[in-house]
Amino acid sequence: TKGLSFYWAEKERMLIVDSAGVQATVSHRHGESGVQPIVDAQTTESILFEMISRLAHYMIFVVNDLTWYEQKYVVMLQQKYMQNRESKELIV
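Note that this is a predicted model, so its numbers are computed, not measured.

Draft legend 1. How the structure looks around the overall build of the protein chain. Within the protein chain one finds two helices and four strands. Counting all 92 residues of the protein chain, 20% fall into the buried class. Long-range contacts, defined here as pairs at least 24 residues apart, represent 45% of the contacts in the protein chain between residues at least 6 apart. About 7700 Å² of surface is accessible on the protein chain, with carbon and sulfur atoms providing 54% of the total.

Draft legend 2. View of the side chain of glutamate 70. Within the secondary structure, glutamate 70 sits in helix H2 (residues 68–83). No salt bridge is formed by the buried glutamate 70. Its closest oppositely charged neighbour is lysine 72, at 12 Å. Engagement of the side chain of glutamate 70 in a polar contact is seen with the backbone nitrogen of threonine 67, the distance being 2.9 Å.

Draft legend 3. Region of the structure containing a nonpolar patch on the surface. A surface patch of nonpolar side chains, about 400 Å² in accessible area, is lined by Phe6, Trp8, Leu15 and Val17. Structurally, the position occupied by phenylalanine 6 is in strand E1 (residues 4–9). Relative accessible area serves as the criterion here: at 55%, phenylalanine 6 is assigned to the exposed category.

Draft legend 4. Geometry of the packing of aromatic side chains. Tallied over the entire structure, the rule returns three aromatic pairs. Each ring, one from phenylalanine 49 and one from tyrosine 73, has its centre 4.3 Å from the other, and the planes form 65°; the classification is edge-to-face. With phenylalanine 49 in helix H1 (residues 36–55) and tyrosine 73 in helix H2, this residue pair connects regions lying 24 residues apart in the sequence. Accessibility assignment for this pair places phenylalanine 49 and tyrosine 73 in one class, buried. The interplanar angle of 90° and the centroid separation of 5.5 Å between the aromatic rings of tryptophan 68 and tyrosine 69 together place this pair among those described as edge-to-face. Given the relative accessible area of 62%, tryptophan 68 is considered exposed.

Draft legend 5. Examining the nonpolar core more closely. By size, the foremost hydrophobic cluster in this structure holds nine residues: Phe49, Ile52, Ala56, Met59, Phe61, Tyr69, Tyr73, Leu77 and Tyr81. Top element by residues in this core is H2. It accounts for four residues. Among all residues touching isoleucine 52, those that are not within four sequence positions of it are Leu4, Val17, Ser19 and Met59.

Draft legend 6. Broad picture of the environment of isoleucine 60. With respect to the secondary-structure elements, isoleucine 60 resides in strand E3 (residues 58–60). Distance from isoleucine 60 to isoleucine 91, taken between C-alpha atoms, is 4.7 Å for residues 31 residues apart in sequence.

Draft legend 7. Looking closely at H2. Spanning 16 residues, H2 covers 22 Å between terminal C-alpha atoms, matching the ideal 22 Å at 1.5 Å per step. Considered for burial, the residues of H2 that qualify are Tyr69, Glu70, Tyr73, Val74, Leu77, Lys80 and Tyr81. For H2, the angular spread of buried residues about the axis comes to 150°, placing them on one side. Residues of H2 that are exposed and point more than 90 degrees away from the buried face comprise Trp68, Gln79, Met82 and Gln83. On the buried face of H2, the contacting elements are H1, E3 and strand E4 (89–91). One or two residues past the end of H2 sits arginine 85, with phi positive at roughly 55°.

Cut-offs applied
Residues numbered from 1 in each chain as written. Predicted model: local features only at pLDDT ≥ 70, side-chain atom pairs only at ≥ 80, totals over all residues. Heavy atoms only, no water. Helix = DSSP H or I, 4+ residues; strand = E, 2+ residues; numbered from the N terminus. Buried < 20%, exposed > 50% of the residue type's maximum accessible area, 1.4 Å probe, protein only. Contact = heavy atoms within 4.5 Å. Areas by Shrake-Rupley, 256 points an atom, 1.4 Å probe, with all protein chains shown as cover. Lys, Arg positive; Asp, Glu negative; His and termini not counted. Salt bridge = Lys/Arg side-chain N within 4 Å of Asp/Glu carboxyl O. Polar contact = N/O pair within 3.5 Å; in protein donor to acceptor, adjacent residues only side chain to side chain. Patch = residues over 30% accessible without salt bridge, like charges linked within 9 Å, V, L, I, M, F, W, Y side chains within 5 Å. Phe/Tyr/Trp six-rings, centres within 6.5 Å; stacked < 30°, edge-to-face > 60°. Core = buried A, V, L, I, M, F, W, Y, C linked by side-chain atoms within 4.5 Å. Expected span 1.5 Å × (residues − 1). Arc of directions from axis to C-beta.

Take a look at the structure:
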């Protein structure tokens, strides 16, 4: 998925949001060099993660291997939910 994709499941009255996930490939376009494209990707990823985690009642992490980086996101979510006394479902 590039960016965000949305699907409204009418019968369940549920909005499904799909994102590119973590550590997506970064493209170096003409004229862009250095670390700026990587910083932009990290910033975008963080904003999307924060937005989705605040809005979602259920989060599904689709992974090939549960890497340390993805485990870090799971721990961050768990800590945030506990700190805010929220009860949400996380499926990996």
